[in-house]
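Summary of structural features
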Amino acid sequence: MIAIGELKIDRVDEICGAFLGMDEFLDGVPREVLARDPAWRARHGVDATGKLVISVHCWIVRTEHHVILIDTCLGNDKNRGEGNAGHRLQLDWLDRLGAKGLRPEDVDFVICTHLHTDHVGWNTRLVDGRWVPTFPNARYIFSRAEYEHWHPEIGASNFLGQGIAFLDSVLPCVEAGQADIIEEGYSIDDHLMLEAAPGHTPGTCIIRASSAGSVGLFVGDCMHSPIQVAYPDVNSAACEIPTQARDTRRRLLSECAEHGHMILPAHFPPPFAGHVKRAGEAFEYLPLRGDTDRRHM
Ligand SMILES: [Zn+2]
């Protein structure tokens, strides 16, 4: 459990492991990374063979009024193509949610930082051959820019073949009347605000959580790996607008370094979140202590 002021932050893990080679997924990592000492590499999620440790997890935020999920992983049963890590998963993710004391009907809001496949999966589940919202009482929050980017009659994006996720994991929530397509600056109670952070995708939002003088930023995929804290100009292969992705990453890291905000990304390895401080033209990642749960690796 992580605290941001009086907010209680938890996670539901889906998968975690060294799935991808550093060069396979990150664009332009300097070779010097491989010469770093093992402790540095471990802190930055690089294993001994140069593979990146990536987690896919959903953040749970509990305020005094609401239960909010941020990014809903890959989901079960989704047709993502043979060989894709998210293809037709059969995981006990809902039991893991239950182990956190939550039933699907307890969730008040679901926020997707963006609509790539690994952020929308548990929005829906397959029931009698139909995709239905997993969380029957939740409002699903999608940014308008992101929604329109993927909508088949508007932007019709199929970046990296991910357009199908709109049809099986976003549209059913809209058709069930549970979706709110929101503009920048949308707030959920006094504690959570969505802010535009374009670059990884055109409509990516971050969620700013504030309580009792503390601030945490749920930055989604504005950075996938702690390596991008040390080398903020390194993009992932999944960044749709590279120049804007770099600018946004630097802006967020600068703000966190200056004000001491926590970062809570969508894919950082255990312990999953931390702080940053300025280090010359780049930044140093300071992971939280304590939460090194690698149960699902
Ligand atoms: Zn992602």
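Criteria and thresholds
Residues numbered from 1 in each chain as written. Predicted model: local features only at pLDDT ≥ 70, side-chain atom pairs only at ≥ 80, totals over all residues. Heavy atoms only, no water. Phe/Tyr/Trp six-rings, centres within 6.5 Å; stacked < 30°, edge-to-face > 60°. Lys NZ or Arg CZ within 6 Å of the ring centre and 35° of its normal. 1 Å grid on protein atoms, 1.4 Å probe; cavity = no way out; pocket = protein on both sides within 12 Å on 5 of 7 lines; lining within 4 Å. Points joined across faces, edges and corners; volume = space filled by probe spheres on them. Helix = DSSP H or I, 4+ residues; strand = E, 2+ residues; numbered from the N terminus. Nonpolar A, V, L, I, M, F, W, Y, C, P; charged D, E, K, R; others polar. Buried < 20%, exposed > 50% of the residue type's maximum accessible area, 1.4 Å probe, protein only. Pairing = 2+ DSSP bridges.

1. Considering the packing of aromatic side chains
Two numbers describe a pair of aromatic rings. These are the distance of the centres and the angle of the planes. Enumeration according to the criterion identifies six aromatic pairs in this entry. Taken together, the ring pairs in this structure connect F135, Y140 and F142 into an aromatic cluster. Lying over the aromatic face of W40, R36 brings its terminal NZ or CZ to 4.3 Å of the ring centre.

2. What to know about the layout of surface pockets
Considered as a void within the structure, the largest pocket measures approximately 640 Å³ in volume. What lines the largest pocket is a set of 25 residues, and nearest its centre among them are L20, F25, N84, T117 and D118. Taken together, the elements giving at least two residues each to the lining of the largest pocket come down to strand 2 (7-21), helix 1 (22-25) and strand 4 (51-62). The element contributing the most residues to the lining of the largest pocket is strand 2, with three residues. Here the lining of the largest pocket is composed, by residue class, of twelve nonpolar, nine polar and four charged.

3. Remarks on the pairing of strand 4
The side chains of a regular strand alternate, first on one face of the sheet and then on the other. The element strand 4 is extensively covered by neighbouring structure, given that eleven of its twelve residues are classed as buried. Of the pairings in the sheet, the one linking strand 2 to strand 4 comprises twelve bridges and is antiparallel in character. Pairing of D13 across the sheet is with H57, part of strand 4. Pairing geometry for strand 4 and strand 5 (residues 67-70), over four bridges, is antiparallel. When the sheet's bridge partners are listed, R62 is paired in strand 5 with V67. Between strand 4 and the antiparallel strand that follows it, strand 5, lie four residues.

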